Amino acid sequence: ELARAEAEQQRQAELAREGVVTSLRLAEDLRRRCQLEAAAAAIRQAEQLLGGAPDLAPEVRKAKADLDLVRKLDDARFRKWVAGADPGAQEGGNE
């Protein structure tokens, strides 16, 4: 009975690990395609599965940090675009 319980625990850990790895790959793919909300959801899924694969926590933290950086850069790019599209921002430039 103990051996069966250990085998089941190991199987659950392997499934959790596979889930974390798959979720991180999906998050990276989505991030590269600028689907940032979907990428964030995939990272949240990976975080939920970490209980069975705590050794992958650094990879999940890195994916989250990478996504946060992309969001900040995207926001800065958008703000720059909005400022450039604002006619008031162009005053004095075409004289």
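What you are looking at is a predicted structure, and each value in this text was computed from that prediction instead of being measured.

Criteria and thresholds
Residues numbered from 1 in each chain as written. Predicted model: local features only at pLDDT ≥ 70, side-chain atom pairs only at ≥ 80, totals over all residues. Heavy atoms only, no water. Helix = DSSP H or I, 4+ residues; strand = E, 2+ residues; numbered from the N terminus. Expected span 1.5 Å × (residues − 1). Buried < 20%, exposed > 50% of the residue type's maximum accessible area, 1.4 Å probe, protein only. Arc of directions from axis to C-beta. Patch = residues over 30% accessible without salt bridge, like charges linked within 9 Å, V, L, I, M, F, W, Y side chains within 5 Å. Areas by Shrake-Rupley, 256 points an atom, 1.4 Å probe, with all protein chains shown as cover. Salt bridge = Lys/Arg side-chain N within 4 Å of Asp/Glu carboxyl O. pLDDT = per-residue confidence, 0-100. Contact = heavy atoms within 4.5 Å.

What follows is about helix H2 (residues 36–49). The terminal C-alpha atoms of H2 lie 20 Å apart, and with 14 residues this matches the ideal 20 Å at 1.5 Å per residue to within 8%. For H2, every residue scored as buried is listed here: Leu36, Ala39, Ala40, Ala42, Ile43 and Ala46. Seen end-on, H2 carries its buried residues on one side only, within an arc spanning 160 degrees. Facing away from the buried side of H2 by over 90 degrees, the exposed positions are Glu37 and Gln48.

Side chains of Phe78, Trp81 and Val82 sit close together on the surface and give an oily, nonpolar patch of about 350 Å² of accessible area. If you trace the backbone, Phe78 turns up in helix H3 (residues 57–85).

Moving on to helix H1 (residues 2–32). Over its 31 residues, H1 extends 45 Å from the first C-alpha to the last, a length consistent with the 45 Å expected when each residue adds 1.5 Å. The complete set of buried residues in H1 reads Ala16, Gly19, Val20, Ser23, Leu24, Ala27 and Leu30. Directly beyond the C-terminal end of H1, a positive phi value near 60 degrees is found at Cys34.

Below, the discussion takes up unusual backbone geometry. Even without being glycine, Cys34 reaches a positive phi, approximately 60 degrees. Relative to the helices and strands, Cys34 resides in the loop between H1 and H2.

Attention shifts here to the pattern of salt bridges. Overall, the coordinates contain 9 salt bridges when judged by the stated rule. Between Lys64 and Glu47 there is a salt bridge, with the nearest N and O atoms lying 3.0 Å from each other. Of this pair, Lys64 sits in helix H3 while Glu47 sits in helix H2, and the two are 17 residues apart along the sequence. Given a relative accessible area of 38%, Lys64 falls into the partly exposed group. Of the residues examined, Glu47 reaches a relative accessible area of 31% and is grouped as partly exposed.

On to the confidence of the model for the chain, then. Looking at the chain, pLDDT values average 88 and 88% of them are 70 or higher. Mean pLDDT values over the elements of the chain span from 90, in H3, up to 97, in H2.

Relative to the assigned elements, Ser23 resides in helix H1. Given the relative accessible area of 10%, Ser23 is considered buried. Apart from residues no more than four positions distant in its own chain, Ser23 is found in contact with Ala42, Gln45, Ala46 and Leu49.

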